[in-house]
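Chain residues, written in single-letter form:
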Amino acid sequence: VILLENGKVDIHLPWDDVQEIVAYKRDLITIDDVVVGFNRESEGIFISEDSDEFAQVLEILTDRYGIDCDAWLPEVTYPPFAPCFTVLWTADASE
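A brief look at the structure comes next.

## What about helix α2 (residues 69–77)?
By the burial criterion, the buried members of α2 are C69, W72 and V76. Buried residues of α2, seen end-on, are gathered within an arc of 80° and therefore sit on one face of the element. For α2, the exposed residues lying more than 90 degrees away from the buried face are D70 and E75. Capping of α2 at its N-terminal end is provided by D68; its side-chain oxygen lies 3.1 Å from the backbone amide nitrogen of D70.

## A closer look at the packing of aromatic side chains
Here the distance between the centres and the angle between the planes together describe a pair of aromatic rings. In total, this model carries 5 aromatic pairs according to the counting rule given. Ring geometry for W15 versus Y65: centroids 6.4 Å apart, planes at 75°, classification edge-to-face. With W15 in the loop between β2 (9–12) and β3 (20–27) and Y65 in helix α1 (residues 54–65), the pair connects residues that are 50 residues apart, well separated along the chain. A residue is classified by how much of its surface remains accessible, and W15, at 12% relative accessible area, is buried. Ring geometry for Y24 versus F85: centroids 6.3 Å apart, planes at 25°, classification stacked. Taken together, the residues Y24 in strand β3 and F85 in the loop between α2 and β6 (86–90) connect sequence positions 61 residues apart. By way of ring pairs, the aromatic residues W15, F38, Y65 and W89 are connected into one cluster. It is R64 that lies over the ring of Y65; its NZ or CZ is 5.9 Å from the centre.

## Some remarks on the pairing of strand β4 (residues 32–39)
Buried residues dominate β4, accounting for 8 of its 8 residues. Going residue by residue along β4, you find D32, V34, V36 and F38 tucked away on one face and D33, V35, G37 and N39 tucked away on the opposite face as well. Looking at chain direction, β3 and β4 are connected through 8 bridges and run antiparallel. By the bridge assignment, I21 is partnered in β4 with F38. In sequence, β3 turns back onto β4 through a hairpin of 4 residues, with I29 there showing a positive phi of about 75°. Note that β4 and strand β5 (residues 44–48) share 5 bridges and pair antiparallel. Bridging from a neighbouring strand, F38 pairs with I45 of β5. Here β4 folds back onto β5, and the loop between the two strands holds 4 residues.

What counts and how
- Residues numbered from 1 in each chain as written.
- Predicted model: local features only at pLDDT ≥ 70, side-chain atom pairs only at ≥ 80, totals over all residues.
- Heavy atoms only, no water.
- Buried < 20%, exposed > 50% of the residue type's maximum accessible area, 1.4 Å probe, protein only.
- Helix = DSSP H or I, 4+ residues; strand = E, 2+ residues; numbered from the N terminus.
- Arc of directions from axis to C-beta.
- Polar contact = N/O pair within 3.5 Å; in protein donor to acceptor, adjacent residues only side chain to side chain.
- Phe/Tyr/Trp six-rings, centres within 6.5 Å; stacked < 30°, edge-to-face > 60°.
- Lys NZ or Arg CZ within 6 Å of the ring centre and 35° of its normal.
- Pairing = 2+ DSSP bridges.

What follows is the structure in structure tokens.
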């Protein structure tokens, strides 16, 4: 699977290697940026809501991992300017 971060970087992410999926916000002073992260054993790949592929990532969360985006998005987006870090999925919990 190829994901593009802000349309600039090609990233190959084997979905079976994902060990944890997280979501959080970055405080960018005047706005917040919601980020979804896919953590593997040795690295993480993070997709910003500003990337063109963010909607595709949300579909993958639902279709592949059974994550209800309507449930976690409000938890991450409010309150404003707080990180609101949350673990959406772990490989250990799904086994």
